[in-house]
Amino acid sequence: MSEPAPAAVIAIDGPSGSGKGTLCQKLAKQLAWHLLDSGALYRLTGLAAHRRGIALDNELAVAELAANLDVRFVPGEEGQPTRVLLDGDDVSAVLRTEETGSLASQVAVLAEVRAALLGRQRDFAQAPGLVADGRDMGTVVFPNAPLKIFLTASAEARAERRFKQLKDKGESVTLAALLEDIQARDKRDSERELAPLKPADDAIQLDSTALGIDEVFEQVLALAKKRLSL
Ligand SMILES: Nc1ncnc2c1ncn2[C@@H]1O[C@H](COP(=O)(O)OP(=O)(O)O)[C@@H](O)[C@H]1O
Ligand SMILES: Nc1ccn([C@H]2C[C@H](O)[C@@H](COP(=O)(O)OP(=O)(O)O)O2)c(=O)n1
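No experiment lies behind these values; they were computed from the predicted model shown. (Residues numbered from 1 in each chain as written. Chains lettered and ligands numbered in written order. Predicted model: local features only at pLDDT ≥ 70, side-chain atom pairs only at ≥ 80, totals over all residues. Heavy atoms only, no water.)

Draft legend 1. Structural view of the overall build of the protein chain. In terms of helices and strands, the protein chain carries 10 helices and eight strands. In terms of overall size, the protein chain behaves like a compact globule, its C-alpha atoms giving a radius of gyration of 17 Å where 230 residues would be expected to give roughly 17 Å. In the protein chain, buried positions account for 44% of the 230 residues. A fraction of 73% describes how many contacts in the protein chain between residues 6 or more apart in sequence connect residues 24 or more apart. (Helix = DSSP H or I, 4+ residues; strand = E, 2+ residues; numbered from the N terminus. Rg over C-alpha atoms; globule rule 2.2 N^0.38 Å. Buried < 20%, exposed > 50% of the residue type's maximum accessible area, 1.4 Å probe, protein only. Contact = heavy atoms within 4.5 Å.)

Draft legend 2. Seen up close, the UniProt feature "domain: Cytidylate kinase" (unreviewed entry) in the protein chain. Here, the residues flagged by UniProt with the feature "domain: Cytidylate kinase" (unreviewed entry) are residues 10-225. Between the C-alpha atoms that bound residues 10-225 there is a distance of 11 Å. The span itself is 51% helix and 16% strand. (UniProt positions renumbered as here; feature names shortened; annotations may be inferred.)

Draft legend 3. Molecular detail of the site of ligand 2. Close to ligand 2 lie 19 residues; Ser16, Arg43, Arg162, Asp189 and Arg192 are nearest. Taking Arg114, its side chain carries an N or O atom lying 2.8 Å from an oxygen atom of ligand 2. Measuring from an oxygen atom of ligand 2, one finds a side-chain N or O atom of Arg185 at 2.9 Å. Burial of ligand 2 by the protein chains amounts to 96% of its free accessible area of 520 Å². Elements with a contribution of two residues or more to the shell around ligand 2: α2 (38-52), α5 (98-107) and α9 (175-191). The leading source of residues in the shell around ligand 2 is α2, at four residues. Each residue belonging to the shell around ligand 2 can be placed in one class, and the counts come to four nonpolar, five polar and 10 charged. (Near = heavy atom within 4 Å. Polar contact = N/O pair within 3.5 Å; in protein donor to acceptor, adjacent residues only side chain to side chain. Areas by Shrake-Rupley, 256 points an atom, 1.4 Å probe, with all protein chains shown as cover. Nonpolar A, V, L, I, M, F, W, Y, C, P; charged D, E, K, R; others polar.)

Draft legend 4. Seen up close, the sheet that holds strand β5 (residues 89-90). Here we have three strands laid out as an open sheet, ordered β3-β4-β5, and antiparallel in their pairing. The sheet terminates laterally at β3 (71-74) and β5, the two strands that pair on one side only. Where strand β4 (residues 83-86) lies against β5, two bridges are found, and the strand directions are antiparallel. In the strand pairing of β5, Leu86 is matched with Asp89. Running at roughly 40° to β4, α2 makes contact with β3, β4 and β5 of the sheet. (Pairing = 2+ DSSP bridges. Axes fitted to C-alpha atoms, helices over the stretch in contact; angles between N-to-C directions.)

What follows is the structure, given as structure tokens:
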């Protein structure tokens, strides 16, 4: 029996706050494709290590956690967000904090952790297609993706967006602290040896600093329709 055709993948990479998650959710819904939030896997790994008191540079122990994450994504009722259960506990809220983002960024530099999560990420590529959100979707995880977008925005714009996002959730954050967090994560994610945050050679780079959510979505949807003959 012939092998099924590999599922089409749209890879969306970029730094924190550039709008990847928002864009990927809209694209996946519009195309009725699967969605991979690869950052959630690194966040869950960092959180699991933190909850167990495992040092974030204990590569083998953290990689063991990554390989055996006890995680469940529970779809929300109509209009409700998906809940995320780690070891049976609902971690949906804490998963999205900047603190957890920093934990994720710290474990993400470990080669064994990245290796432990690679297969699980690639398993998301199922028919009819996958929208993949991350840092290395187009460079490492899905190098043959037919469409790769590298979404950026100025650090200031990304901090402003994150500030509004977290304030709307009732979190007490300051813009200055968020800008520092974002710049620290940008630096760590782009300067690490393995799978650094950088555009793939064949990625289309899109700066969303002066673009609204719908403008970014329409531009990328048009690219997808053209490139993938949708
Ligand atoms: N182009 C945009 N202009 C203004 N705000 C945006 C834009 N894209 C996303 N946002 C908002 O910015 C915040 C961060 O977006 P998100 O998709 O979570 O970014 P990322 O996944 O890249 O970290 C969210 O509140 C989102 O609604
Ligand atoms: N494919 C990925 C996804 C995330 N990471 C790491 C680096 C990021 O700072 C953290 C958190 O990623 P996440 O996409 O959840 O963060 P943002 O939503 O962009 O703020 O995980 C990674 O190394 N590779």
